[in-house]
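Commentary on secondary and tertiary structure
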Amino acid sequence: MSLDNSVFQESLSFLQKADKTGTSLYDHLADVLLKVLEHKPDNALNNFENLSFEVKHSKSTTPNAPTNKQVPQQDNTQNKQIISLFKTSHQAVSESEFPEDDELPNDGEFPDLLEEANILEWAGVGIGKEETYRIMLSMKFLLEKNPLKSVRLFGKILGTKRDYYVCEAQYKDGEGELDEQEEAENVNAAKKEASIPSEEFVGTNKHTYWVCNKPGDEWVKLPNVTPAQISTARKISKFFTGDLDANVISYPPFPGKEASLLRAQLARITAATSISPKGFYGFEEEDDVQDDSNLILADPEYQSLSTQLLLEPSNWVHHAEHILPQGRCTYFRVRRRNEDGEEEEGGEEGEEGEEDYDEEEERGPRLLTEITEDKPLGKVSSWSARLSTTHSRKFAYAYVRSNRWPGAYAISYGNKYANIYVGFGTKYSVDPFTPSLLPPPQAEPENEPKESIDPTLEEEKELERMLHAEDGDQEGEQTEQEGEDMGEEEEDYEDEEYQ
């Protein structure tokens, strides 16, 4: 009897062994039999498997299903940001529905990004249609919240942690003045850079650049770039992290955070890769060939070139100013300094001559220069022209890409063109990058240092008494001088009041 009881208990424990879902075979059989007794089917034996299947799958619990306590809380911040992009800044449908006191949103130049994205997709470059649409909505808010004359999508800078979406904008006339902090920073930077000031609203700072890490984030305006930052950026090669406040560890030391390095690279990329079909822009006067971007205007009578002509690099020209080795687009001449570091005076009666300056003026290529004049990369040209497809040349577009700045593309369609950059923000070099060498260590002193004997307490007290006596004499003389000066100032004031 005890043997039979032990076998029964062992069999029962086996049937009651639960699996990962917490259900045992014993419970399952009990539920199946209960279902048979409740419904009393005609042919229970033949339908036993079906009944077992129904009972098994009627359970709401699935393998590895998390309980209410195990469900992680989802972060809906990004979803809320995307939803906010679809909210318009005004709910009115027509202009007549706006109140008279309210101002209309800023109406600046805004390109059709969806059209450009579709054309650039033929060239094999872009950020995707979904991202493009989100960026377009985000750029619309940027244009409405700031007094901008124009805004366009510059491109996307790839980072090691996060990426940057970059917009190139230009303020309206009289807007976008520097605040006191930026002016102070420019003054301090100019002092450190041998009095070479930054350009304001022209040259390297003609456009302002706004960045964000993903569509829906707040746009952040990058600071103006300085000549020293551009000069240092040319000597280093760094990948971006996606954090504007990150330190730039390099040699030579870069004067600023990652935001300033990004701004310097954007200025270099813009100057080198902003190209357009020949004839799209023209000088304001035919005989004017000065290097001033304000003198070129879009030709309203421009007729698009054929695809075959656009495959020739000679039919593409630069329409952005060249950055000189000084770090500016317009050369700033530094006056010669004497041994004390002060600027020397000019010629007679304040006239300035060539001998008053240390070096000759730097000059770069003029505007609307053909891209064929760019320096080649060894045996490879700086630009490559391609067809968007070779299967249907009738509907193909011609585009060019930069080999010096990989990721820069330009494409022409109809009477329009588009520029975009999608890359790491680094320049290609034929030779491997070699960091600048550290300066030689400081030489040892010629004369060995000699150890001096510490003064005694009596000698220290005597020195203190002498110093106090000298300070007292100087204070007395200063007080007498101030009294005389105040008397003279009163007399001068009385004289000036009635002049």
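What comes next concerns the included structure. (Residues numbered from 1 in each chain as written. Predicted model: local features only at pLDDT ≥ 70, side-chain atom pairs only at ≥ 80, totals over all residues. Heavy atoms only, no water.)

On the secondary structure map, Ala396 appears in the loop between β9 (383–387) and β10 (398–402). Here the alpha-carbon distance between Ala396 and Trp122, two residues 274 residues apart in the chain, equals 8.2 Å. Once you skip the residues sitting within four places of it in the chain, Ala396 turns out to touch Thr307, Leu387, Ser388 and Thr389. (Helix = DSSP H or I, 4+ residues; strand = E, 2+ residues; numbered from the N terminus. Contact = heavy atoms within 4.5 Å.)

Let us now look at a nonpolar patch on the surface. A surface patch of nonpolar side chains, about 330 Å² in accessible area, is lined by Leu25, Leu29, Leu33 and Phe48. Tallying contributions element by element places helix α2 (residues 25–39) first for the nonpolar patch, with three residues. For Leu25, the location among the structural elements is in helix α2. (Patch = residues over 30% accessible without salt bridge, like charges linked within 9 Å, V, L, I, M, F, W, Y side chains within 5 Å. Areas by Shrake-Rupley, 256 points an atom, 1.4 Å probe, with all protein chains shown as cover. Salt bridge = Lys/Arg side-chain N within 4 Å of Asp/Glu carboxyl O.)

Buried residues of helix α5 (residues 113–122): Leu113, Glu116, Ala117, Ile119 and Leu120, and no others. Buried positions in α5, seen along its axis, are confined to an arc of 165 degrees and lie on one side of it. Summarising the contacts, the buried residues of α5 are in contact with α6 (129–145), β1 (148–157), β11 (408–413) and β12 (416–423). (Buried < 20%, exposed > 50% of the residue type's maximum accessible area, 1.4 Å probe, protein only. Arc of directions from axis to C-beta.)

Counting residues in hydrophobic clusters, the biggest one holds 28 residues, and the most contacted among them are Ile157, Tyr164, Val166, Leu222, Leu262 and Leu266. Those elements that place two or more of their residues in this core are β1, β2 (164–171), β3 (208–212), α8 (227–233) and α9 (258–273). Element by element, the count of residues in this core is highest for α9, at eight residues. Counting 19 residues, the second-largest nonpolar core is a separate cluster that includes Leu85, Leu143, Val151 and Cys167. (Core = buried A, V, L, I, M, F, W, Y, C linked by side-chain atoms within 4.5 Å.)

Counted residue by residue, β1 has eight buried out of ten residues, so it is predominantly covered. Bridge count for β1 against β2 is eight bridges, and the pairing is antiparallel. Looking across to β2, one finds that Lys156 is bridged to Tyr165. Hairpin geometry of β1 and β2 is characterised by an intervening segment of six residues between the two adjacent antiparallel strands. Note: β1 against β12, three bridges, orientation parallel. (Pairing = 2+ DSSP bridges.)

A word on the packing of aromatic side chains. Evaluation of the coordinates by the stated rule reveals ten aromatic pairs. A centroid spacing of 5.8 Å and a plane angle of 80 degrees characterise the contact between Trp122 and Tyr397, whose relative ring orientation is edge-to-face. Placement of Trp122 in helix α5 and of Tyr397 in the loop between β9 and β10 is noted, with a sequence separation of 275 residues between them. For Trp122, a relative accessible area of 37% translates into the label partly exposed. Between the aromatic rings of Phe280 and Tyr417, the centroid separation amounts to 4.9 Å while the plane-to-plane angle is 85 degrees, which identifies the pairing as edge-to-face. Residue Phe280 is found in the loop between β5 (275–277) and β6 (281–283), and its partner Tyr417 is found in strand β12; the two are separated by 137 residues along the sequence. In this structure Phe280 comes out as buried when scored by relative accessible area, which is 14%. An aromatic cluster is present here, built from Phe280, Tyr281, Tyr302 and Tyr417 joined pairwise through their rings. (Phe/Tyr/Trp six-rings, centres within 6.5 Å; stacked < 30°, edge-to-face > 60°.)

We now examine the pattern of salt bridges. For the coordinates displayed, the defined rule picks out ten salt bridges. As a salt-bridge pair, Lys278 and Glu370 come within 2.7 Å of each other at their nearest N and O atoms. Taken together, the residues Lys278 in the loop between β5 and β6 and Glu370 in the loop between β8 (316–318) and β9 connect sequence positions 92 residues apart. Looking at Lys278, the relative accessible area reads 33%, which means it is partly exposed. Since its relative accessible area comes to 24%, Glu370 is described here as partly exposed.

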